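The chain contents come next:
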Amino acid sequence: MTPSQVEYIQDFNKELEQLCVYRFITRNSELQRTACSNLEEMLAVVSQDKAAAIAEGDEHFANVLLGFEALLSACVAEIRMYLFLKEDKPDAAWTELVTSQDGFEAALRADRGFGEDIARQLQRLQKIEKLVFPPQSFLSTGWVVKDEICSICESDYEDCGHIKGRPYMGQFCVVHIRPLEVNHVAIVDKPASKHCRITHMKVSDGRENRLSLMIEPEPKESEDDVAVESEGKLFQGVVATTSSLSDG
Amino acid sequence: MFITVSDYIDVKAKMGELGCSLPESGLTLLPLNLDSAASIAELRHASETSTVRKLLLQERLPLCDIVERDQRPPYIKNKSADLVLPTLYLSAAFLSQNSPLVSVALNVISSYIYDRFRALKPGRTVKFDVVLEDRESGKYRRIAYEGTEEGLKLLPASIREAIK
């Protein structure tokens, strides 16, 4: 790594640290919104710098910047989670919590330099998940898949040299799958995505939100929602998101 | 974490029944449902098969396919956090002639699992089966592992024990 890259990383860490003070629910919402805007501006700069590193063929630094992008996205999502909690929007808050966890996980994969501190951030979010949100019932879908396409080279994943989940020149290798059929939907303790969960329980006058316990009217059908019967009760939930057709 | 050792179906006979080939000279990745499939079309590979296959080939380990490229079975992709690896088949001939390569293969797989789990939420487990052919008895044994990546270290000893 060049001296200027070391300096870049030090400056980034300093700037991020200043904005991380807003990652607490007690902070003023307006200040938190400003912090989110600042983090998004940082993200735009980092993405530009990553593009420059890619253009120069500097894979190591491009991957470091990929990790920075993931970190910034994770921090924005965490602050948004607090904002949504204060706005009485627990489902949106849950989505941001999971996005934040995924961002920190991605940073860990981007470069070996992201180590213990990121792991601590993940533990912190796991504690928030357990203390702030009630236990969730997660859903897992099993697909039968014939074709797998590599996101890096867009060729058949079986034939290329890329390994899913690993970073290549500032991008993670993701496998895009083309399902032949849905094999099953199951309630699991450890889902691949915590976005996939039971969101509502059907009741006589509508549906009960599993996070807020509020009775809500039935919405128009969503393609992602599914009804699951368990112990004589009918539940609704998300079984797939756009990322469900990707692996890695 | 647990490792269970049990008898397995006659792999050679099953392969013959299905019309698959079973090369003795290399490592082979078996479909998850080999024991129950009635035809090649019914075979299903574990979700991580293509990745494990690539990792073994990148280490220049001898890997043999049981069917032609265009007959390769589809994968079962469970959107669960657990990692389901393909069943690794070790023929008696391969074990007797290339036992150091078995350790290399297990190390490659362990490193991949470590990398995957390093960045993932805690509590995730890996499922990994190894099927061995016993030259003397002509029988097949399955060593089934389910647990964290840490426990995988015990697998080579279980394989050695099963070979005895």
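Structural notes, computed from the coordinates. (Residues numbered from 1 in each chain as written. Chains lettered and ligands numbered in written order. Predicted model: local features only at pLDDT ≥ 70, side-chain atom pairs only at ≥ 80, totals over all residues. Heavy atoms only, no water.)

### A closer look at the interface of chain A and chain B
- Each side of the interface is counted separately: chain A has 42 residues, and chain B has 34 residues.
- In total, chain A and chain B occlude about 3200 Å² of area from one another, counting both sides; carbon and sulfur atoms represent 42% of this.
- For the pair chain A and chain B, the number of links is nine salt bridges.
- Note that Asp159(A) is salt-bridged to Arg69(B), the shortest N-O span being 2.9 Å.
- Across the chain A-chain B interface, the total number found is 17 residue pairs in polar contact (both at pLDDT 80 or more).
- Listed by contribution, the elements that provide at least two residues to the side of chain A that touches chain B are α4 (90–110), β1 (138–150), β4 (175–188) and β10 (246–247) of chain A.
- Ranked by residues supplied to the side of chain A that touches chain B, first place goes to β1(A) with nine residues.
- Here the residues of the side of chain A that touches chain B are counted per class, giving 13 nonpolar, 14 polar and 15 charged. (Contact = heavy atoms within 4.5 Å. Buried area = accessible area lost by both parts, 1.4 Å probe. Salt bridge = Lys/Arg side-chain N within 4 Å of Asp/Glu carboxyl O. Polar contact = N/O pair within 3.5 Å; in protein donor to acceptor, adjacent residues only side chain to side chain. Helix = DSSP H or I, 4+ residues; strand = E, 2+ residues; numbered from the N terminus. Nonpolar A, V, L, I, M, F, W, Y, C, P; charged D, E, K, R; others polar.)

### Quick notes on the environment of Ile163(A)
- By the secondary structure assignment, Ile163(A) is in the loop between β1 and β2 (167–168).
- Note on Ile163(A): relative accessible area 1%, which makes it buried.
- Along the backbone, Ile163(A) and Ala107(A) are 56 residues apart, and their C-alpha atoms lie at a distance of 17 Å.
- Those residues in contact with Ile163(A) that sit more than four places away from it in its chain are Tyr157(A), Tyr168(A), Cys173(A), Thr51(B), Lys54(B), Leu55(B), Gln58(B) and Tyr112(B). (Buried < 20%, exposed > 50% of the residue type's maximum accessible area, 1.4 Å probe, protein only.)

### Regarding the packing of helix α3 (residues 59–86) of chain A against α4(A)
All names here are of chain A.
- Between α3 and α4, whose axes approach to 7 Å, the crossing angle comes to 160°. The pairing of α3 with α4 is recorded here as roughly antiparallel in orientation. For α3 against α4, the interelement crossing comes out left-handed. (Axes fitted to C-alpha atoms, helices over the stretch in contact; angles between N-to-C directions. Parallel < 35°, antiparallel > 145°, perpendicular 65-115°, else oblique. Left-handed = near helix turned anticlockwise from the far one by under 90°.)

### Considerations on the packing of helix α1 (residues 3–20) of chain A against helix α2 (residues 29–55) of chain A
Residues and elements named next belong to chain A.
- Orientation of α1 relative to α2, taken along the N-to-C sense of each, is 165°, at an axis distance of 10 Å. When the axes of α1 and α2 are compared, the pair comes out roughly antiparallel. Where α1 crosses over α2, the handedness of that crossing is left-handed. On α2, the residues touching Tyr 8, Phe 12, Glu 15, Leu 16 and Leu 19 of α1 are Ala 35, Asn 38, Leu 39, Met 42, Val 46 and Asp 49.

### A look at helix α1 (residues 11–18) of chain B
Residue and element names in this part refer to chain B.
- Residues Val 11, Lys 14, Met 15 and Leu 18 constitute the buried set of α1. Each buried residue of α1 lies within a common arc of 100° when the element is viewed along its axis, so the set occupies one face. Turned more than 90 degrees from where α1 packs its buried face, Gly 16 and Glu 17 sit exposed.
- Packed against the buried residues of α1 are β1 (2–8), β2 (27–30), β7 (87–90), β8 (126–133) and β9 (140–147).
- Two to three positions downstream of the cap, the backbone nitrogen of Lys 12 sits 3.2 Å from a side-chain oxygen, assigning the N-cap of α1 to Asp 10.
- Looking one or two residues past α1, Gly 19 carries a phi angle of roughly 85°, positive in sign. (Arc of directions from axis to C-beta.)

### Points about the pattern of salt bridges
- In the structure shown here, the tally under the stated rule is 28 salt bridges over all chains.
- The salt bridge partner of Arg69(B) is Asp156(A), with a shortest N-O separation of 3.0 Å. On the criterion of chain membership, the pair formed by Arg69(B) in the loop between β4 (63–64) and β5 (75–78) and Asp156(A) in the loop between β1 and β2 is interchain, its members lying in two chains.
- On the accessibility criterion, Asp156(A) (25% relative accessible area) is partly exposed.
- For Glu17(B), the salt bridge goes to Lys14(B), with nearest N and O atoms at 3.6 Å. Residue Glu17(B) and its partner Lys14(B) are both found in helix α1; the two are separated by three residues, about one turn of the helix.
- Judged by its relative accessible area of 58%, Glu17(B) is exposed.
- Counted as one network, the salt bridges with shared partners bring together Asp156(A), Glu158(A), Asp159(A), Arg53(B), Asp65(B), Arg69(B) and Arg72(B).

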